[in-house]
Amino acid sequence: MHVLIIGASKGIGLETARQALKAGHQVRALARSAAGIEISDPNLEKVSGDALKAADVEAALAGVDVVIQTLGIAGGDLFKPVSLFSAATRVLVAAMAAKGVKRLICVTGFGAGDSRASIGFLQKLPFKFFLGRAYDDKSAQERLIKDSGLDWTIARPGILTNGPKTGRYQALAEASKWRNGLISRADVADFLVRQIEDRTYVGQAPVLVN
């Protein structure tokens, strides 16, 4: 498959690019710092561009089968107004509709959208203080995706670690089972890459934890 990864220069996006290439997919990596991506592979195309600019996103969608959106912000930005996630998704959804690309896989997080109600009582206050601005915007991002008419899957990882890929994580699709927990970025990437061809979670937003 020809996969566009938005936000592929670091974190989950970079690990997803590595694993998608290993799985045999063609990967186009869109990021402002794409030229600095430290992967050398004939099936990797590095595209410097801005996820907030419609022209950059539309150009990156040419010939693409699947889009994986893995946006992130720096820790210092958590205490400022956050709009990146919803703004970039608004651009992406419109561009995908214009280009006829239907499959979208997106990373938000546990606590976004209707999963916020599953946060434990003792975690609610620190969550709101440290992550509230970002997750309010991620909730807006999820609404845009769910209303898009695309074949979407939203992945909501718990607390991210830099541990290895284990394959022993859980994808909790039922709201009654949602809970917080640890999961490595490598395992999140494993889930994302599996969704490129697996349609089990189309129209669903599972929580990912060990």
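What counts and how
The written sequence of each chain sets the order in which its residues are numbered from 1. Residues qualify for local features only when their pLDDT is at least 70, as the model is predicted, and side-chain atom pairs are given and counted only at 80 or more; totals for whole chains, interfaces and linings, by contrast, use all residues. Values shown for side chains rest on all heavy atoms present in the structure; no hydrogens or waters enter the calculation. Between N-to-C directions, angles cover 0 to 180 degrees, with each direction set by a line fitted to C-alpha atoms, over the stretch in contact for helices. Numbered from the N terminus, helices here are DSSP runs of H or I no shorter than four residues, and strands are runs of E no shorter than two. Roughly parallel here means an angle under 35 degrees, roughly antiparallel means over 145, roughly perpendicular means 65 to 115, and every remaining angle is called oblique. The crossing is said to be left-handed when, going from far helix to near helix, the turn is anticlockwise and less than a right angle, and right-handed when the turn is clockwise. Any two residues whose heavy atoms approach within 4.5 Å are treated as being in contact. Polarity classes work like this: nonpolar for Ala, Val, Leu, Ile, Met, Phe, Trp, Tyr, Cys and Pro, charged for Asp, Glu, Lys and Arg, and polar for all others, with Gly in that last group. Expected span, for any helix, means 1.5 Å times one less than how many residues it has. Relative accessibility thresholds used throughout: buried, under 20% of the residue-type maximum; exposed, over 50%; partly exposed, between the two (1.4 Å probe, protein chains only). Paired strands, as defined in this entry, are two strands with at least two bridges between them according to DSSP. The rule for a salt bridge is simple: a side-chain nitrogen of Lys or Arg has to be within 4 Å of a carboxyl oxygen of Asp or Glu. With a 1 Å grid spanning the protein atoms alone, the term cavity applies to any set of points in which a 1.4 Å probe fits but cannot get out, the term pocket to an open set with protein on both sides within 12 Å along at least five of seven lines, and the term lining residue to any residue with an atom within 4 Å of a point. Grid points are joined across faces, edges and corners, and a volume is the space filled by probe spheres set on the points. The criterion is simple. A nonpolar core is a set of buried Ala, Val, Leu, Ile, Met, Phe, Trp, Tyr and Cys residues joined through side-chain atoms within 4.5 Å.

Visitor: I'm lost on the packing of helix 3 (residues 84-99) against helix 4 (residues 121-146) in this one. Help?
Guide: If you want to describe how two helices pack, look at the angle between their axes and the distance between the axes. Where helix 3 contacts helix 4, the two axes come as close as 7 Å, and the packing angle between them is 15°. Regarding the angle of helix 3 to helix 4, the classification is roughly parallel. Of the two elements, helix 3 crosses helix 4, and the hand of that crossing is right-handed. Seen from helix 3, the contacting residues are Leu84, Phe85, Ser86, Thr89, Arg90 and Val93; seen from helix 4, they are Ala134, Asp137, Lys138, Ala140, Gln141, Leu144 and Ile145. Here the contact of helix 3 with helix 4 is built from residues that sort into seven nonpolar, three polar and three charged.

Visitor: Can you walk me through helix 4 in this structure?
Guide: Structurally, the α-helix is built with 3.6 residues per turn, so residues lying three or four positions apart point the same way. The end-to-end C-alpha distance of helix 4, which contains 26 residues, comes to just 27 Å, noticeably less than the 38 Å that a straight helix rising 1.5 Å per residue would cover. All of the buried residues in helix 4 are Phe127, Gly132, Ala134, Tyr135, Asp137, Lys138, Ser139, Ala140, Gln141, Glu142 and Ile145. Structurally, helix 4 contributes buried residues whose contacts are with strand 4 (66-69), helix 3, strand 5 (103-107) and strand 6 (151-157).

Visitor: Got a minute to help me understand the sheet that holds strand 10 (residues 207-209) in this structure?
Guide: Whether parallel or antiparallel, the strands of a sheet pair through hydrogen bonds between backbone atoms. In space, the eight strands of this open sheet follow the order 3-2-1-4-5-6-10-8, with mixed pairing throughout. Each edge of the open sheet is held by one strand with a lone partner, namely strand 3 (44-48) and strand 8 (170-172). On average, each strand axis in the sheet is tilted by 20° relative to the strand beside it, whichever way the strands run. One ladder, built from five bridges, connects strand 2 (residues 26-31) with strand 3; its direction is parallel. Within strand 3, the position partnered with Val27 by the bridge is Leu44. Its contacts with the sheet place helix 3 against strand 1 (2-6), strand 4 and strand 5, and it is angled at close to 180° to strand 4. The sheet contacts of helix 5 (residues 185-194) involve strand 4, strand 5, strand 6, strand 8 and strand 10, and relative to strand 6 the element is tilted by about 165°.

Visitor: Help me understand the pattern of salt bridges in this model?
Guide: Pairing is possible between side chains that carry opposite charge, provided their charged atoms lie close to one another. Within the structure shown, the criterion is met by eight salt bridges. With a shortest N-O distance of 2.8 Å, Asp114 and Arg156 are connected by a salt bridge. With a gap of 42 residues between them, Asp114 in the loop between strand 5 and helix 4 and Arg156 in strand 6 connect regions that are remote in the sequence. Among the residues examined, Asp114 registers a relative accessible area of 45% and is labelled partly exposed. Connected via shared salt-bridge partners are Asp114, Glu142 and Arg156.

Visitor: When you look at the layout of surface pockets in this model, what are you seeing that I'm missing?
Guide: Gaps left between atoms show up when a probe the size of a water molecule is rolled over them. In this structure, the largest pocket spans a volume of roughly 1300 Å³. Along its surface, the largest pocket is lined by 43 residues, and Leu71, Gly72, Ile73, Phe85 and Lys138 are the ones closest to its centre. Listed by contribution, the elements that provide at least two residues to the lining of the largest pocket are helix 1 (11-22), strand 2, helix 3, helix 4 and strand 7 (159-161). The element that contributes the greatest number of residues to the lining of the largest pocket is helix 4, accounting for eight residues. Of the residues assigned to the lining of the largest pocket, the class counts are 24 nonpolar, 13 polar and six charged.

Visitor: Where do I start with the nonpolar core in this structure?
Guide: One broad trend across soluble globular proteins is that nonpolar side chains are buried collectively. The biggest cluster of nonpolar side chains holds 37 residues, and the ones touching the most others in it are Leu4, Ile6, Leu61, Val67 and Met96. Within the residue set of this core, elements represented by two or more residues are strand 1, helix 2 (54-60), helix 3, strand 5, helix 4, strand 6 and strand 10. Top contributing element to this core by residue count: helix 3, with seven residues. Excluding residues that lie within four positions of it along the chain, Leu4 makes contacts with Arg28, Leu30, Ala60, Leu61, Val64, Val66, Val67 and Ile68. Core analysis: the next-biggest nonpolar cluster, separate from the first, contains 29 residues, Val3, Ala31, Tyr169 and Leu208 among them.

What is shown is where atoms sit, not what they do.
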